[in-house]
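Tertiary structure, described
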Amino acid sequence: MGSLPFVFPFAELEVGQHLYWQFGNIRIHGQVFMTSWLLIGALLALVVIGTKKMERDPKGVQNLLEFLWDYIRDLARTQIGEKVYRDWMPFIGTLFLFIFVSNWGGALVPWKLIELPSGELGAPTADINTTVALALLVSLSYFYAGLSNKGLRYFEYYVHPTPIMLPFKIVEDFTKPLSLSFRLFGNILADELVVAVLVFLVPLVLPVPVMFLGLFTSAIQALIFATLAAYYIGEAVEEHH
Amino acid sequence: MPTLFLFGASEGGLFDFDATLPLMAVQVVLLTFILNALFFKPVGQVVEEREDYVNTSRAEAKKKIAEVKRLETELKDQLKEARLEAQKVILEAEQDSENLYKEALALATSEANASREKARREIDSQRDEALNQLKSEADNLGDLIIERLLAKK
């Protein structure tokens with residue numbers, strides 16, 4: 001897949017082109033790492049500023065961080081359950097924050113101003129590698145959560161409530177990461193493409209509501225990914241009676 | 001821009017998997033640990049400390065309110081008792097004063113009656129005395145008149 005066969009006067013649209021960095025035998029997508037480092041840096045800067053001087057009466061950035069913390073705690077607690085949510089809250093929270101800053105960073109930062117020799121900067125989550133990496137981490141986490149909490153009894157889950165469920169549950173282990181990764185990847189890439197195509201067709205006014213819609217989708221996708229990850233972990237650690 | 005790293009770029013595509021995937025996974029795991037140390041732990045500590053503080057403060061406030069209510073009812077009871085006591089004292093005092101008044105009145109009335117009686121008796125006796133005197137004087141005079149009339153003859 002290459003760039004669309006148009007001549008773009010205002011925005012160039014490149015799909016599936018990457019800026020490759022080669023280290024020996026391995027190749028990585030440079031644009032994904034550049035944006036992700038910038039966005040992670042911004043996130044960490046915010047966190048460091050907000051936690052520098054924390055008080056009982058929160059001020060400024062501390063308020064925002066506490067709001068986020070509370071939001072993530074509620075998410076983890078409702079999905080994973082009171083007993084083990086504390087162990088998984090950092091992971092769920094990191095997923096949420098990383099996906100959120102990636103999606104919003106991709107939508108809000110005018111990356112197009114930076115010319116790359118190949119490919120273009122954008123949301124790191126618009127790259128299938130990122131989303132698959134996140135989804136596989138979620139798969140590993142819920143296996144680990146189930147096994148560490150219940151030992152081999154975790155596999156009772158596969159025959160619960162009846163052994164007929166076994167094949168479906170096994171298939172689920174494959175569909176879970178697949179759906180997680182493709183949902184996120186598809187939504188974010190589609191959002192970027194829609195905005196780019198609209199900007200190409202009607203460069204004024206019309207893309208703006210779509211951009212807002214994109215911000216909305218981005219936030220929702222981060223929430224969905226984190227919620228589902230927490231739900232899968234909760235499902236794995238849940239005690240059947 | 002790091003064109004130095006760029007080695008051939010014509011291939012690719014949307015589903016171009018390569019070392020980006022594991023590296024990104026490692027990066028996210030690292031980010032999890034960093035955020036745990038920088039964000040989740042410290043903020044959680046502050047928030048939970050505050051929740052504890054709020055809970056204990058609220059419990060204390062509830063205790064204080066209960067104490068205040070208890071004291072209030074106690075004071076109200078005391079006030080009621082004091083009021084009853086005061087009413088009793090007032091009533092007693094009123095009765096006492098009335099009794100005293102009645103006694104004094106009775107005493108005064110009886111004294112007045114006695115002295116009036118005495119005065120009347122005195123007046124009566126004096127009048128009787130005077131009458132007797134007058135009578136005796138009249139008798140004397142009558143005797144005298146009769147003697148003189150008899151003597152002339």
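Just so it is clear, the model here is predicted, and its values are computed rather than measured. (Residues numbered from 1 in each chain as written. Chains lettered and ligands numbered in written order. Predicted model: local features only at pLDDT ≥ 70, side-chain atom pairs only at ≥ 80, totals over all residues. Heavy atoms only, no water.)

From N to C terminus, chain B includes 1 helix and 0 strands. Here the C-alpha atoms of chain B give a radius of gyration of 62 Å, more than 25% beyond the 15 Å that 2.2 N^0.38 yields for 153 residues. The principal-axis extent of the C-alpha atoms belonging to chain B is close to 205 × 25 × 25 Å. Per-residue burial over chain B gives 15% buried out of 153 residues. With the model as given, the accessible surface of chain B reaches about 12,700 Å², and the carbon-plus-sulfur share is 60%. Across chain B, the mean location of the 22 positive side-chain charges is 9 Å away from that of the 29 negative side-chain charges. (Helix = DSSP H or I, 4+ residues; strand = E, 2+ residues; numbered from the N terminus. Rg over C-alpha atoms; globule rule 2.2 N^0.38 Å. Buried < 20%, exposed > 50% of the residue type's maximum accessible area, 1.4 Å probe, protein only. Areas by Shrake-Rupley, 256 points an atom, 1.4 Å probe, with all protein chains shown as cover. Lys, Arg positive; Asp, Glu negative; His and termini not counted. Charge placed at Lys NZ, Arg CZ, Asp CG, Glu CD.)

Broken down by element type, chain A carries 6 helices and 2 strands. When the helices and strands of chain A are listed from N to C terminus, the series reads β-β-α-α-α-α-α-α. Its C-alpha atoms give chain A principal-axis dimensions of roughly 65 × 50 × 40 Å. Counting across all 241 residues of chain A, residues that qualify as buried make up 49%. Taking the contacts inside chain A whose residues are at least 6 apart along the sequence as the reference set, 66% of them involve residues at least 24 apart. (Contact = heavy atoms within 4.5 Å.)

So, about the interface of chain B and chain A. Contacts between chain B and chain A engage 42 residues on the former and 59 residues on the latter. For the pair chain B and chain A, the summed buried area comes to about 4,600 Å², and 73% of that belongs to carbon and sulfur atoms. Summed over the shared surface of chain B and chain A, the result is 3 salt bridges. Between Arg50 of chain B and Glu66 of chain A there is a salt bridge, and its shortest N-O distance comes to 2.8 Å. The interface formed by chain B and chain A includes 15 residue pairs in polar contact (both at pLDDT 80 or more). Its residues assigned to classes, the side of chain B that touches chain A comprises 27 nonpolar, 9 polar and 6 charged. (Buried area = accessible area lost by both parts, 1.4 Å probe. Salt bridge = Lys/Arg side-chain N within 4 Å of Asp/Glu carboxyl O. Polar contact = N/O pair within 3.5 Å; in protein donor to acceptor, adjacent residues only side chain to side chain. Nonpolar A, V, L, I, M, F, W, Y, C, P; charged D, E, K, R; others polar.)

Attention now goes to the confidence of the model for chain A. Looking at chain A as a whole, its pLDDT mean stands at 88, while 94% of the residues score no less than 70. Long-range and interchain partners of residues 1–11 of chain A, a stretch whose pLDDT sits below 50, account for 16 contacts in this model, where long-range means more than four residues apart. (pLDDT = per-residue confidence, 0-100.)

So, on to the environment of Phe91 of chain A. Of note, Phe91 of chain A is situated in helix α3 (residues 85–108). Beyond its immediate stretch of four places on either side in the chain, Phe91 of chain A contacts Leu137, Val138, Ser141 and Ile233 of chain A together with Thr32 of chain B.

Let's shift gears to the nonpolar core. Ranked by size, the top nonpolar core spans 74 residues in total, and within it Ile80, Ile92, Leu97 and Val138 of chain A together with Leu35 and Phe39 of chain B carry the most contacts. Sorting the residues of this core by element identifies α1 (30–51), α2 (61–80), α3, α4 (128–150), α5 (166–201) and α6 (207–237) of chain A together with α1 (20–152) of chain B as the ones contributing at least two each. It is α3 of chain A that contributes the most residues to this core, 11 residues altogether. When near neighbours in sequence (up to four residues on either side) are disregarded, Leu97 of chain A contacts Leu43, Leu68 and Ile72 of chain A together with Leu35, Phe39 and Phe40 of chain B. (Core = buried A, V, L, I, M, F, W, Y, C linked by side-chain atoms within 4.5 Å.)

The next thing to look at is the side chain of Gln27 of chain B. Note that Gln27 of chain B resides in helix α1. For Gln27 of chain B, a relative accessible area of 12% translates into the label buried. A distance of 3.0 Å separates a polar atom in the side chain of Gln27 of chain B from a polar atom in the side chain of Ser36 of chain A.

Residues and elements named next belong to chain A. Running from amino to carboxyl end, α4 crosses α5 at an angle of 145°, the nearest separation of the two axes being 8 Å. Handedness of the α4/α5 crossing: right-handed. Two secondary-structure elements touch here, α4 through Ile128, Thr131, Val132, Leu134, Ala135, Leu136, Val138, Ser139, Tyr142 and Phe143 and α5 through Asp173, Lys176, Pro177, Leu180, Ser181, Phe182, Leu184 and Phe185. (Axes fitted to C-alpha atoms, helices over the stretch in contact; angles between N-to-C directions. Left-handed = near helix turned anticlockwise from the far one by under 90°.)

Attention now moves to α4 of chain A. Between its first and last C-alpha, α4 of chain A extends 33 Å over 23 residues, near the 33 Å set by a 1.5 Å rise per residue. Two or three places before Asn129 of chain A, at the start of α4 of chain A, stands the capping residue Asp127 of chain A, its side-chain oxygen 2.8 Å from that residue's backbone nitrogen. (Expected span 1.5 Å × (residues − 1).)

Time to look at the packing of aromatic side chains. Residues and elements named next belong to chain A. This structure, assessed with the given rule, holds 21 aromatic pairs over all chains. Ring centres 5.9 Å apart and planes at 80° place the aromatic pair Phe143 and Tyr154 in the edge-to-face group. In this pair, Phe143 is assigned in helix α4 and Tyr154 in the loop between α4 and α5, connecting sequence segments 11 residues apart. Put simply, the rings of Tyr142, Phe143, Tyr154, Phe155, Tyr157, Tyr158, Tyr231 and Tyr232 pair up and form one aromatic cluster. Its guanidinium or amino end placed over the ring of Tyr142, Lys176 lies 4.6 Å from that ring's centre, counting from NZ or CZ. (Phe/Tyr/Trp six-rings, centres within 6.5 Å; stacked < 30°, edge-to-face > 60°. Lys NZ or Arg CZ within 6 Å of the ring centre and 35° of its normal.)

What follows concerns the pairing of strand β2 (residues 26–29) of chain A. Residues and elements named next belong to chain A. As judged from the 4 bridges shared by strand β1 (residues 20–23) and β2, these two strands associate in the antiparallel manner. Paired with Phe23 across the bridge in β2 is Ile26. Hairpin connection from β1 to β2: 2 residues lie between these consecutive antiparallel strands, with Gly24 at a positive phi of about 60°. (Pairing = 2+ DSSP bridges.)

It is worth spelling out unusual backbone geometry at this point. Residue and element names in this part refer to chain A. Backbone torsion omega between His160 and Pro161 reads 0°, so that peptide bond is classified as cis. Positive phi, normally seen in glycine, also occurs at Val205, with a value near 60°. For Val205, the location among the structural elements is in the loop between α5 and α6. Overall, Val205 belongs to the exposed group, its relative accessible area being 65%.

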